[in-house]
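Observations on the three-dimensional arrangement
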Amino acid sequence: MPAARLIGSMLNWALGLRPTYAFTRETPGDKLLELRSVCYTLLDDLRTAAGKGLQVRVDTAVGANEFWHMRPRLFDAVSEVHGEGEATRRLQKLDTLLRVHHDRRSPFAQGGGTPVAPSRRRRRATDEPRFQTTR
């Protein structure tokens, strides 16, 4: 069966036809509706071209993965009109639905004290140079 699919794809390509993809619904219907609803509320008061384009993408999204990849564009569209603070606040509900649990704050804001310099973090436990230099 894969050979038939390959031949069909090659024939479509040779004829200049648009490929047809069989999308599988990876997200259950209720969750997909909830994701769409949250995105509609994010974009509700945006009258920009980016906002209108994103509404079309929200309509055609078939899984949570598409919403995850749409997230940066949603953030940019909202921050363009209302600022980054408002965009962060609005996307919290979407992040919760997509199960995003990482802290984007700096090490100082996280309360971790003084951050370790990146050059020190990458070294081995012995802190000895890995290579001998020749003189």
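As shown above, the structure is provided for reference.
Let me sum up the structure you'll find in this document. (Residues numbered from 1 in each chain as written. Predicted model: local features only at pLDDT ≥ 70, side-chain atom pairs only at ≥ 80, totals over all residues. Heavy atoms only, no water.)

What to know about the overall build of the chain
The following threshold applies: Working definition: helices are DSSP H or I runs of at least four residues, strands are E runs of at least two. Numbering for both runs from the N terminus. The classification of residues rests on relative accessible area computed with a 1.4 Å probe and restricted to protein chains. Under 20% of the type maximum is buried, over 50% is exposed, and intermediate values are partly exposed. By the convention used here, residues are in contact when the closest approach between their heavy atoms is within 4.5 Å. Residue burial considers only the protein chains on display, and all accessible areas are found by Shrake-Rupley using a 1.4 Å probe.
Each helix and strand in the chain was counted, giving six helices and zero strands. The order of helices and strands in the chain, counted from the N terminus, is α-α-α-α-α-α. Burial statistics for the chain: of 135 residues in total, 24% are counted as buried. By sequence separation, contacts in the chain at least 24 residues apart represent 55% of the contacts at least 6 residues apart. Entry remark: accessible area of the chain is about 10800 Å², with carbon and sulfur atoms responsible for 55%.

Notes on the nonpolar core
To keep it simple, the criterion reads: Take the buried residues of types Ala, Val, Leu, Ile, Met, Phe, Trp, Tyr and Cys, join any two whose side-chain atoms come within 4.5 Å, and each joined set is a nonpolar core.
Judged by nonpolar contacts, the single largest core of 22 residues is most densely connected at L35, L43, F67, M70, L74 and L94. Secondary structure elements with two or more residues in this core: helix 2 (29-43), helix 3 (49-60), helix 4 (64-82) and helix 5 (84-97). Top contributing element to this core by residue count: helix 4, with seven residues. Dropping the residues within four chain positions of it, F67 is found in contact with L32, L35, R36, C39, V58, A61 and L98.

As for the packing of helix 2 against helix 5
The packing of two helices is summarised by the inter-axis angle and the distance between the axes. Applied cut-off: Only C-alpha atoms enter the line fits that serve as axes; for helices the fit covers just the stretch in contact. Angles between N-to-C directions range over 0 to 180 degrees. Orientation categories follow fixed angle ranges, with anything under 35 degrees roughly parallel, anything over 145 roughly antiparallel, 65 to 115 roughly perpendicular, and all other angles oblique. If you view the pair so one helix is near and one far, a crossing is left-handed when the near helix is turned anticlockwise from the far one by less than a right angle, and right-handed when it is turned clockwise.
Viewed as axis vectors pointing N to C, helix 2 and helix 5 meet at an angle of 165°, and their least axial separation amounts to 9 Å. With respect to helix 5, the axis of helix 2 lies roughly antiparallel. Of the two possible hands of crossing, helix 2 and helix 5 adopt the one that is left-handed. Residues K31, E34, L35, V38, C39, T41 and L42 of helix 2 form the contact with helix 5, whose own contacting residues are R90, L91, K93, L94 and L97.

A few points about the environment of V78
With respect to the element layout, V78 can be found in helix 4. Residue class for V78 comes out buried when judged on its relative accessible area of 0%. C-alpha of V78 to C-alpha of D45: the two residues are 33 residues apart in sequence and 9.2 Å apart in space.

What to know about the pattern of salt bridges
For clarity, the cut-off: Any Lys or Arg side-chain nitrogen located within 4 Å of an Asp or Glu carboxyl oxygen qualifies as a salt bridge.
What the rule picks out here adds up to four salt bridges. With a shortest N-O distance of 2.5 Å, D95 and R71 are connected by a salt bridge. A residue pair is termed long-range when its members are at least 10 positions apart, and D95 in helix 5 and R71 in helix 4 qualify at 24 residues. The same class applies to D95 and to R71, which are both buried. Connected via shared salt-bridge partners are D45, E86, R89 and R90.

What about the packing of helix 2 against helix 3?
Threshold: In the scheme used here, Gly and all other residues not listed as nonpolar or charged are polar, with Ala, Val, Leu, Ile, Met, Phe, Trp, Tyr, Cys and Pro taken as nonpolar and Asp, Glu, Lys and Arg as charged.
The N-to-C vectors of helix 2 and helix 3 enclose an angle of 170°; their axes lie 10 Å apart at closest approach. Compared by their axis directions, helix 2 and helix 3 come out roughly antiparallel. Facing helix 2, whose interface residues are R36, C39, Y40 and L43, helix 3 presents G51, L54, Q55, V58, D59 and T60. For the contact of helix 2 with helix 3, the residue count by class is five nonpolar, three polar and two charged.

Coordinates in, geometry out; function isn't part of it.
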